[in-house]
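Below are the chains, spelled out letter by letter.
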Amino acid sequence: MQYQSNSRSYYSSAAQGGGDPLERVLRLASGSAVVIFSMSTCCMCHAVKRLFCGMGVNPTVYELDQDPRGQEIERALSQLLGGGSAVPVVFIGGKLVGAMDRVMASHISGNLVPLLKEAGALWL
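What counts and how
Residues numbered from 1 in each chain as written. Predicted model: local features only at pLDDT ≥ 70, side-chain atom pairs only at ≥ 80, totals over all residues. Heavy atoms only, no water. Helix = DSSP H or I, 4+ residues; strand = E, 2+ residues; numbered from the N terminus. Expected span 1.5 Å × (residues − 1). Buried < 20%, exposed > 50% of the residue type's maximum accessible area, 1.4 Å probe, protein only. Arc of directions from axis to C-beta. Contact = heavy atoms within 4.5 Å. Phe/Tyr/Trp six-rings, centres within 6.5 Å; stacked < 30°, edge-to-face > 60°. Salt bridge = Lys/Arg side-chain N within 4 Å of Asp/Glu carboxyl O.

Participant: Could you clarify how one ought to interpret helix H3 (residues 43–54) in this entry?
Facilitator: In a regular helix each residue adds 1.5 Å, so twelve residues correspond to 16 Å; H3 covers 16 Å between its end C-alpha atoms and thus fits that length. Considered for burial, the residues of H3 that qualify are Cys45, Val48, Lys49, Leu51 and Phe52. Projected onto a plane normal to the axis of H3, the buried residues spread over an arc of 155° and lie on a single side. Residues of H3 that are exposed and point more than 90 degrees away from the buried face comprise Cys43 and Gly54. Looking at the buried residues of H3, the elements they touch are strand E2 (34–38), strand E3 (60–63), strand E4 (89–92), helix H5 (100–109) and helix H6 (112–119). Phi turns positive one or two residues past the end of H3, at Gly56, with a value near 90°.

And the structure:
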């Protein structure tokens, strides 16, 4: 499975920047067409990464368990989701799609591919 993990560059910018975790999430989410906040040991995170890679999308993935400030980011993501499970969380075109249930619902209903095309992540 191939996806772009920007963990290394994220760690250095997070260490330099500090700041509000929610602002950092939104800034990172707008940096690529598809952004996934994940945990490297989470099976649901693995499944959502496989979904996008299987569709020919190359998401940018931030593995929160490999980030010294990952817990702060996880709390900010939980706030965005209204208190639910914080990972995986998917942003497409800088907009929050949601957790695994929302991503799968969008995929099943046929709304995911148009979102990916609009964000420039898919050219079919």
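Having put the structure on the table, let's press on.
Participant: I would appreciate a short explanation of the packing of aromatic side chains in the present structure.
Facilitator: Within a pair of aromatic rings, the relevant descriptors are the distance that separates the centres and the angle that separates the planes. Taken as a whole and assessed by the stated rule, the structure comprises two aromatic pairs. Centroid distance Phe37 to Tyr62: 5.5 Å. Interplanar angle 25°. Geometry classified as stacked. Remark: Tyr62 occurs in strand E3 and Phe37 occurs in strand E2; sequence separation between them is 25 residues. Residue Tyr62 is classed as buried on the basis of its relative accessible area of 6%. For the pair Phe37 and Phe91, a centre-to-centre distance of 5.9 Å together with 80° between the ring planes defines the contact as edge-to-face. Of this pair, Phe37 sits in strand E2 while Phe91 sits in strand E4, placing them 54 residues apart in sequence.

Participant: Hey, could you run me through the pattern of salt bridges in this one?
Facilitator: Oppositely charged side chains can form a pair if their charged atoms are brought close together. Applying the stated criterion across every chain, the model contains four salt bridges. With a closest N to O distance of 3.9 Å, Glu72 and Arg69 form a salt bridge. Classification of Arg69 as partly exposed rests on a relative accessible area of 26%.

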